[in-house]
Amino acid sequence: MDASRFTCRHLLGSAAFATAAAGATTWLGALRSARAEEEGGRPSALATGAPVPLRHAEIPGFLSREQLGLHHAQHYGGALAALGGIEARLYGDTGETDKATRRELGRAQSEKANSVLLHELYFAGVTPGAQAPPTHLAGALTKRFGSLDRWRSDLEACALAANGWAMLARHPVNDRLYHVVSDAHDVGPLWLARPILLIDMYEHAFYVDYRTQRAAYVAAWFEHLDWAEAERRWRA
Ligand SMILES: [Fe+2]
């Protein structure tokens, strides 16, 4: 089927939905276990309830030990703790049935769960030292965006426009690459799309090292991408 003609009806009624769902499940399974098995990492806190340690305590030329430590402990750790509190209320003995309370808890649960997952992908996606994108992924970026220069300038523009996150994602429904701009953890997701590269644009992610120099932070991020990790996510 021509992916451009894909509709909600197709999604709900065809085998393509099963394929898309299987792809997402595979990716999630990979997120839970692949790094743990390959590199001595840890599965997602969404699976275990325990925070995943930083891969790198500092990344020279990009982020200091203080910046990464505060970000990891206060914001990633804070989101995980908040999620635990929300879920204790949702799944406790009494639950929450008041409409306004249940609505807010549902929104907050999505926000905190997304924050946990996105931070894990962000921390695992950067590494000391500049790398070049692998051939296959570079080809996919060139095919979608016209050239690597255009890809980078577009993602850079997305990052500088975002208040929360900017990311490159691969959508399993049509197998296309997208740049997603998010102004908060729970605002602007592209459902089912798999993040390949992502940058945290909340001020807490860069203010210790870069103050208000958002463009310098974004430029340094591009020079410290873990393209091997991006390739794993792209192929998952
Ligand atoms: Fe953050």
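Residues numbered from 1 in each chain as written. Predicted model: local features only at pLDDT ≥ 70, side-chain atom pairs only at ≥ 80, totals over all residues.

A. A look at the overall build of the protein chain. A tally of helices and strands in the protein chain yields 10 helices and three strands. By residue count, 28% of the 236 residues in the protein chain fall in the buried class. Partitioning the intrachain contacts of the protein chain with sequence separation of at least 6 by distance along the chain shows that 64% fall at a separation of at least 24. (Helix = DSSP H or I, 4+ residues; strand = E, 2+ residues; numbered from the N terminus. Buried ≥ 20, exposed ≤ 12 C-beta atoms within 10 Å, placed from the backbone. Contact = placed C-beta atoms within 7 Å.)

B. Quick peek at the sheet that holds strand β1 (residues 165-170). Read across the sheet, three strands follow the order β2-β1-β3 without closing on themselves; strand pairing throughout is antiparallel. Two strands close off the open sheet at either side, each with one partner strand: β2 (177-182) and β3 (194-200). Each strand of the sheet is rotated relative to its neighbour by a mean of 20°, with strand direction disregarded. Of the strand pairs in this sheet, β1 and β3 are connected by six bridges, and their pairing is antiparallel. By the bridge assignment for β3, R170 is matched with R194. Against the sheet, helix α5 (residues 99-124) contacts β1 and β3, and its axis sits at roughly 85° relative to β3. (Pairing = 2+ DSSP bridges. Axes fitted to C-alpha atoms, helices over the stretch in contact; angles between N-to-C directions.)

C. Focus on the nonpolar core. In this structure, A159, W165, A166, L197, L198, I199 and M201 are the most contacted members of the largest nonpolar core, which totals 35 residues. Breaking this core down by element, the ones donating at least two residues are α5, α6 (135-145), α7 (148-161), β1, β3, α9 (214-222) and α10 (227-235). In terms of residues, this core owes the most to one element, α5, which gives five residues. Shared between two domains, this core takes at least three residues from each, and those domains are domain 2 (65-124) and domain 3 (135-235). Membership of the second largest hydrophobic core comes to nine residues, among which are L80, L83, A113 and V116. (Core = buried A, V, L, I, M, F, W, Y, C linked by C-beta atoms within 7 Å. Domains from an automatic or database assignment.)

D. Structural context of α6. Taken together, the buried positions of α6 are occupied by L137, A140 and L141. Burial along α6 is one-sided: seen end-on, the buried residues are contained in an arc of 100°. Residues of α6 that are exposed and point more than 90 degrees away from the buried face comprise T135, H136, G139 and K143. The secondary structure elements touched by the buried residues of α6 are α7, β2 and α10. Of the residues one or two after α6, G146 is the one with positive phi, at around 100°. (Arc of directions from axis to C-beta.)

E. Layout of helix α4 (residues 65-90). Across its 26 residues, α4 extends 36 Å between first and last C-alpha, which sits within 8% of the 38 Å expected from 1.5 Å per residue. When the local axis directions of α4 are compared, the greatest deviation, roughly 30°, occurs at G78. Q67, L68, H71, Y76, A79, L80, L83 and I86 are the residues of α4 that are buried. (Expected span 1.5 Å × (residues − 1). Bend = angle between axes of the 7 residues up to and from the residue.)

F. Structural context of the confidence of the model for the protein chain. Averaged over all residues, the pLDDT of the protein chain is 87; the fraction at 70 or higher stands at 83%. The low-confidence segment residues 1-26 (pLDDT under 50) makes 17 contacts with residues lying over four places distant or belonging to another chain. (pLDDT = per-residue confidence, 0-100.)

G. Local environment of the pairing of β1. Of all six residues in β1, five are buried; the element is thus mostly enclosed. The pairing of β1 with β2 spans six bridges and is antiparallel. Looking at the pairing, W165 lines up with S182 of β2. Between β1 and the antiparallel strand that follows it, β2, lie six residues; D175 among them carries a positive phi value of about 60°.

H. Spatial organisation of the packing of α4 against α5. As a packed pair, α4 and α5 sit with axes 9 Å apart at the nearest point and diverge in direction by 145°. The interaxial crossing formed by α4 with α5 has left-handed handedness. Where α4 abuts α5, its residues H72, H75, Y76, A79, L80, A82, L83, I86, E87, R89 and L90 lie against L105, A108, Q109, K112, A113, S115, V116, H119 and F123. Here the contact of α4 with α5 is built from residues that sort into 12 nonpolar, five polar and three charged. (Left-handed = near helix turned anticlockwise from the far one by under 90°. Nonpolar A, V, L, I, M, F, W, Y, C, P; charged D, E, K, R; others polar.)

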